[in-house]
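As a plain string of letters, each chain reads:
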Amino acid sequence: MNISGTLNVFRLIREPALCLPQHTVSTFNHLPVPLSKAFPKRDGEKEVDIKAVILDKDNCFAIPHTNEVHKPYHDKFQELRRAYPGSKLLIVSNTAGTDSDKNQAEAALLEKNTGVKVLRHSTKKPGCTEEVLSYFKQHPDSGVTAPSQIAVVGDRLFTDVMMANMMGSHGFWIRDGVIERKSLFARVEDRLAMFLLRRGYCAPNPKSQFE
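Under an unreviewed UniProt entry, the protein has the name HAD-superfamily phosphatase and belongs to Karstenula rhodostoma CBS 690.94.

Shown next, in the form of structure tokens:
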């Protein structure tokens, strides 16, 4: 059970825009690389510089409940690895790497299959912001000096995108995922986001410094 997700949903009553992404793509293969290309520079605005990328696993680049890259996404995944080598690319899953991952077996298998570090975290998304930011502070080779330099990629608005906004980072929403999202909760997320956008809400601006 994701207690963090349940509790943090109540934050939307006060800050409904927390579930809105800064950028939306249909599938993992539609991600621009580097991800900064999603935000063309505008006059008078600072250029977006994404130095590190956080990837969700299930229904983002992997079929749910598997621990390998979905074959049609292999080339895009390797392109991301080249653009964001080492500590610049991190997998944060609500299955692999959590306390419910017995002996961290799923995390170890996922790292073996992808070549990418899987964050070990005790609190599930979206509440693991401190654990995520701590990782980048402990890895200065990532080049991250501000939350706005991090992008979070995932298929869930109430976990992946909400975590991005709670950190002050850029949220990339994988709208369609690997398979069709049939759960009631996922459909509620989608409908709420569409409602908020029609009402004129916008995704929050990323933060330029760590708090």
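Novice: Before we move on, can you summarise the environment of Ala186 with the specific residues and values?
Specialist: Relative to the elements of secondary structure, Ala186 occurs in helix H7 (residues 184-198). The class for Ala186 is buried, based on a relative accessible area of 2%. Taking the C-alpha atoms as reference points, Ala186 and Gln22, separated by 164 residues in sequence, lie 18 Å from one another.

Novice: Could you give me a rundown of the nonpolar core, with the residues and numbers involved?
Specialist: Judged by nonpolar contacts, the single largest core of 30 residues is most densely connected at Phe28, Leu35, Leu55, Phe61, Val153 and Phe172. Those elements that place two or more of their residues in this core are strand E2 (52-55), helix H3 (74-83), strand E3 (89-91), helix H4 (105-114), strand E5 (150-154) and strand E6 (170-174). Each residue touching Val153, except ones within four places of it in the same chain, is listed here: Leu31, Leu35, Val53, Ile54, Leu55, Asp56, Cys60, Phe172 and Ile174. Core analysis: the second largest hydrophobic core is formed by 16 residues, Ala52, Leu90, Val92 and Ala164 among them.

Novice: Go over the packing of helix H5 (residues 129-137) against helix H6 (residues 157-167), please, and point to the residues and values.
Specialist: Between H5 and H6, the shortest axis-to-axis distance is 10 Å and the interhelical angle comes to 65 degrees. Where H5 crosses over H6, the handedness of that crossing is right-handed. Here H5 contributes Thr129, Val132 and Leu133 to the contact with H6, which in turn contributes Met163, Met166 and Met167. Across the contact of H5 with H6, the residue classes break down as five nonpolar, one polar and no charged.

Novice: Account for the sheet that holds strand E4 (residues 117-118), with residues named and values stated.
Specialist: Taken in spatial order, the six strands make up an open sheet running E1-E6-E5-E2-E3-E4, and their pairing is parallel. Two strands in the sheet have a free side with no partner beyond their single neighbour: strand E1 (23-25) and E4. Across the sheet, H5 lies against E2, E3, E4 and E5, angled at about 145 degrees from E2, the strand it touches most. Sheet strands in contact with H6 are E2, E5 and E6, and its direction is about 170 degrees off that of E5.

Novice: Before we move on, can you summarise the packing of aromatic side chains with the specific residues and values?
Specialist: Scanning the entire structure with this criterion turns up seven aromatic pairs. Geometrically, the ring pair formed by Phe39 and Phe172 is edge-to-face, given 5.7 Å between the ring centres and 85 degrees between the ring planes. You can see Phe39 sitting in the loop between E1 and E2 and its partner Phe172 sitting in strand E6, a full 133 residues away along the chain. The same class applies to Phe39 as to Phe172, namely buried. Ring geometry for Phe158 against Phe185: centres 5.7 Å apart, planes inclined by 85 degrees, an arrangement best described as edge-to-face. Linking Phe158 in helix H6 with Phe185 in helix H7, this pair joins segments that are 27 residues apart in sequence. Judged by its relative accessible area of 5%, Phe158 is buried.

Novice: Account for the environment of Arg82, with residues named and values stated.
Specialist: Tracing the sequence through the fold places Arg82 in helix H3. For Arg82, a relative accessible area of 63% corresponds to the exposed category. When the C-alpha positions of Arg82 and Pro34 are compared, they lie 9.8 Å apart, and in sequence the two are 48 residues distant.

Novice: Help me get a handle on the state of the cysteines, residues and values and all.
Specialist: Scanning the entire structure with this criterion turns up zero disulfides. No disulfide involves Cys60; its nearest neighbouring cysteine sulfur is the one of Cys128, lying 15 Å away. Looking at the unpaired Cys202, the closest cysteine sulfur is the one in Cys19, lying at 12 Å.

Rules used throughout
Residues numbered from 1 in each chain as written. Predicted model: local features only at pLDDT ≥ 70, side-chain atom pairs only at ≥ 80, totals over all residues. Heavy atoms only, no water. Helix = DSSP H or I, 4+ residues; strand = E, 2+ residues; numbered from the N terminus. Buried < 20%, exposed > 50% of the residue type's maximum accessible area, 1.4 Å probe, protein only. Core = buried A, V, L, I, M, F, W, Y, C linked by side-chain atoms within 4.5 Å. Contact = heavy atoms within 4.5 Å. Axes fitted to C-alpha atoms, helices over the stretch in contact; angles between N-to-C directions. Left-handed = near helix turned anticlockwise from the far one by under 90°. Nonpolar A, V, L, I, M, F, W, Y, C, P; charged D, E, K, R; others polar. Pairing = 2+ DSSP bridges. Phe/Tyr/Trp six-rings, centres within 6.5 Å; stacked < 30°, edge-to-face > 60°. Disulfide = S-S within 2.5 Å.

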